[in-house]
Amino acid sequence: MTYPAPLRPLRALLLPLLLLGACQSGTKSKPEADTAAAPVAAPDSAAFTVRHPEWAHHATIYQVNVRQYTPQGTFRAAEADLPRLQKMGVGILWLMPINPIGRSHRKGTLGSAYSVRDYRAVNPDLGTLADLQHYVSTAHRLGMHVILDWVANHTAWDSNLTTEHPDWYTRNAKGNFRPPVADWQDVIDLDYSKPALRRYMTETVAYWVKTADLDGFRCDVAGLVPTDFWNTTRAELEKIKPVFMLAEWDELFPPTFISRKEFDPNTRLLEKAFDATYALRLHGLLDSLGRQQKPTAELAHYWAAERKLYPAGVNLMTFTSTHDINAWDGSEYERLGKNAVPEAVLTMLWPGIPMLYNGQEAAMKRRLRFFDKDTIPWGNYPLQGLYSTLLHLKQQHPALANFDVESKFRLLSSPPQTVVFERRKGGAAVVVMVNLSDKSAQLRLPNGSLSYQAIFSTIGRPTEVAAAVVALPPHGFQVWKQVAMK
């Protein structure tokens, strides 16, 4: 969903207040410290009963903005690019909403894809139902899965439901339809106290799974819809096929479009309904780190807060950009400058389910218009090699699997404005080093009788066996894997 424009400056002011941890930019690291955060009490893992589909365990998500993906802006045109995405290592394709868009109160020339006029139809600008089915079938043939963006919280003003079921909407003091949030003037709020609405929505998402063979849903502003609805819907979908469910929400981060008093941090979306939520609080912290506005020591406080809330094996979605962030906050180059690429490496390998927004592999340095046609400037894909390496490493390395209770993570001691972490499963490990500063940094690999091989880096040809200390250039990175000692 779009962020409300009047609140954009407020979001920037609130973000530092919403992130835990004291300022430690001048703190010296203790030599050879294994972990930067104190242990936290483990949450009750028995409450988390979601059965993740097997195909999601090593998957990376790729968000497809069909309207902007090609000059044609259609499923058929976007389908031609699926072999490239498969070769790059994409596992889950997330299609932005594909339904007809409301005309009443429309923003821009084409409107927001999140202003849905008919939940059981396809936007003719994108193609036909047969075109969508063909896109999904081709993705499946290539070994990828497809989830659809679902907008359950609100509809367009001229939705067919406003005349067929006007009682399914909330009303203002005058008895009229009302937007769910003041700035979202192109949509109106649904009322989930109505059992018939709940049945309709559950039946409709099931319709798309049956009709288009979709593999799940990304659910817009999921925390504004009652969790018991999502729990019921997930159970119904599982009767059809294993699905992947992604919630646009973060129980660690109050969204800016509602007041903090309205925010419920205990939605429990990840217990029975969703495979992942957004890591919005982590994203905000990483933006601050990339701009050198906060110390990298804050990552330890974030990790402690996340693990206090969730048991091992529960993952959030990590990212440096989305359709909302690109449109309203700017591209990663606008926000992070020289740290855009090192933060991409950090985010893609941090514990969680990584997500890539279309155009990032093309090093897209501008915002895409949200309500109008604005084709992605693909160029010659300057970062495709980097992302391919990251996605294939995610696919293949046992320590990087999603939802794995046996995989271990530890933040390692490093100088200010640098990040070093290890992800390990048994004898297999990956070590990630990132330098977010304007100066060279001397970083140390974990001690012991282990040997490491550099997989890729910004410092030239990887060495076969690592020295104990690695010199990283400003805004540099290097990724290592453990190798067996001869």
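Note that the structure is predicted; figures quoted are calculated from it, not measured.

## Details of the packing of helix H14 (residues 340-349) against helix H15 (residues 384-396)
- Between H14 and H15, the least distance of the axes is 10 Å, while the angle of their chain directions is 15°. For the element pair H14 / H15, the angle class is roughly parallel. Seen from above, H14 lies across H15 with right-handed handedness. Across the interface between the two elements, Val341, Ala344, Val345, Met348 and Leu349 from H14 touch Leu386, Tyr387, Leu390, Leu391 and Leu393 from H15.
- Split by residue class, the contact of H14 with H15 holds 10 nonpolar, no polar and no charged.

## Considering the confidence of the model for the protein
- Considering every residue of the protein, the mean pLDDT works out to 90; 88% of them sit at 70 or more.
- Note that pLDDT drops below 50 for residues 2-40; the model gives that stretch 70 contacts with residues more than four away or on any other chain.

## Describing the nonpolar core
- Among the nonpolar cores identified, the biggest contains 140 residues, and Tyr62, Leu93, Trp208, Phe217, Trp230, Phe274 and Trp350 are the most heavily contacted of them.
- Among the elements that make up this core, the one with the highest residue count is helix H7 (residues 195-212) (eight residues).
- Leu412, Val431, Met433 and Trp480 belong to the second largest nonpolar core, which has 12 residues in total.

## Comments concerning the pairing of strand E12 (residues 418-425)
- With seven of its eight residues buried, E12 lies for the most part within the structure.
- Where strand E11 (residues 408-412) meets E12, five bridges bridge the pair, whose relative direction is antiparallel. Directly across from Leu412, in E12, lies its bridge partner Val420.
- Once E11 ends, the chain turns through five residues before running back antiparallel as E12, passing Gln417 with a positive phi of about 65°.
- When E12 meets strand E13 (residues 428-435), the two strands line up antiparallel, connected through eight bridges. Bridged to Arg424 within E13 is Ala429.
- Connecting the antiparallel pair E12 and E13 is a turn made up of two residues, with Gly426 showing a positive phi of about 60°.

## Notes on the pattern of salt bridges
- Within this structure, the stated rule accounts for 23 salt bridges.
- In this structure, Asp149 and Arg218 form a salt bridge, with 2.8 Å as the shortest nitrogen-oxygen distance. Note that Asp149 is positioned in strand E3 (residues 145-150) and Arg218 in strand E6 (residues 216-219), a separation of 69 residues in sequence. The two residues Asp149 and Arg218 agree in class, both being buried.
- A salt bridge links Arg424 to Glu422; its shortest N-O distance comes to 3.1 Å. Each member of the pair Arg424 and Glu422 is classed as buried.
- Look at the salt bridges and you will find they share partners, linking Asp149, Arg218, Asp220 and Glu248 into a network.

## As for the environment of Lys373
- With respect to the helices and strands, Lys373 occurs in the loop between strand E10 (353-357) and H15.
- Assessed through its relative accessible area of 28%, Lys373 is described here as partly exposed.
- The spatial distance from the C-alpha of Lys373 to the C-alpha of Thr109 is 8.2 Å, given a sequence separation of 264 residues.
- Setting aside residues up to four positions removed in sequence, Lys373 forms contacts with Arg67, Gln68, Thr70, Pro71, Gln72, Gly73 and Leu110.
- Within the structure, the side chain of Lys373 is placed 2.3 Å from the backbone oxygen of Arg67, a separation counted as a polar contact.

## Examining empty space enclosed by the protein
- Across all of its chains, the model carries four cavities of 30 Å³ or more by this definition.
- Reported here for the largest cavity is a volume of approximately 200 Å³.
- With three residues, helix H2 (residues 66-69) is the largest single contributor of residues to the lining of the largest cavity.
- Of the residues contributing to the lining of the largest cavity, the split by class is 10 nonpolar, seven polar and two charged.

Conventions adopted
- Residues numbered from 1 in each chain as written.
- Predicted model: local features only at pLDDT ≥ 70, side-chain atom pairs only at ≥ 80, totals over all residues.
- Heavy atoms only, no water.
- Axes fitted to C-alpha atoms, helices over the stretch in contact; angles between N-to-C directions.
- Helix = DSSP H or I, 4+ residues; strand = E, 2+ residues; numbered from the N terminus.
- Parallel < 35°, antiparallel > 145°, perpendicular 65-115°, else oblique.
- Left-handed = near helix turned anticlockwise from the far one by under 90°.
- Contact = heavy atoms within 4.5 Å.
- Nonpolar A, V, L, I, M, F, W, Y, C, P; charged D, E, K, R; others polar.
- pLDDT = per-residue confidence, 0-100.
- Core = buried A, V, L, I, M, F, W, Y, C linked by side-chain atoms within 4.5 Å.
- Buried < 20%, exposed > 50% of the residue type's maximum accessible area, 1.4 Å probe, protein only.
- Pairing = 2+ DSSP bridges.
- Salt bridge = Lys/Arg side-chain N within 4 Å of Asp/Glu carboxyl O.
- Polar contact = N/O pair within 3.5 Å; in protein donor to acceptor, adjacent residues only side chain to side chain.
- 1 Å grid on protein atoms, 1.4 Å probe; cavity = no way out; pocket = protein on both sides within 12 Å on 5 of 7 lines; lining within 4 Å.
- Points joined across faces, edges and corners; volume = space filled by probe spheres on them.

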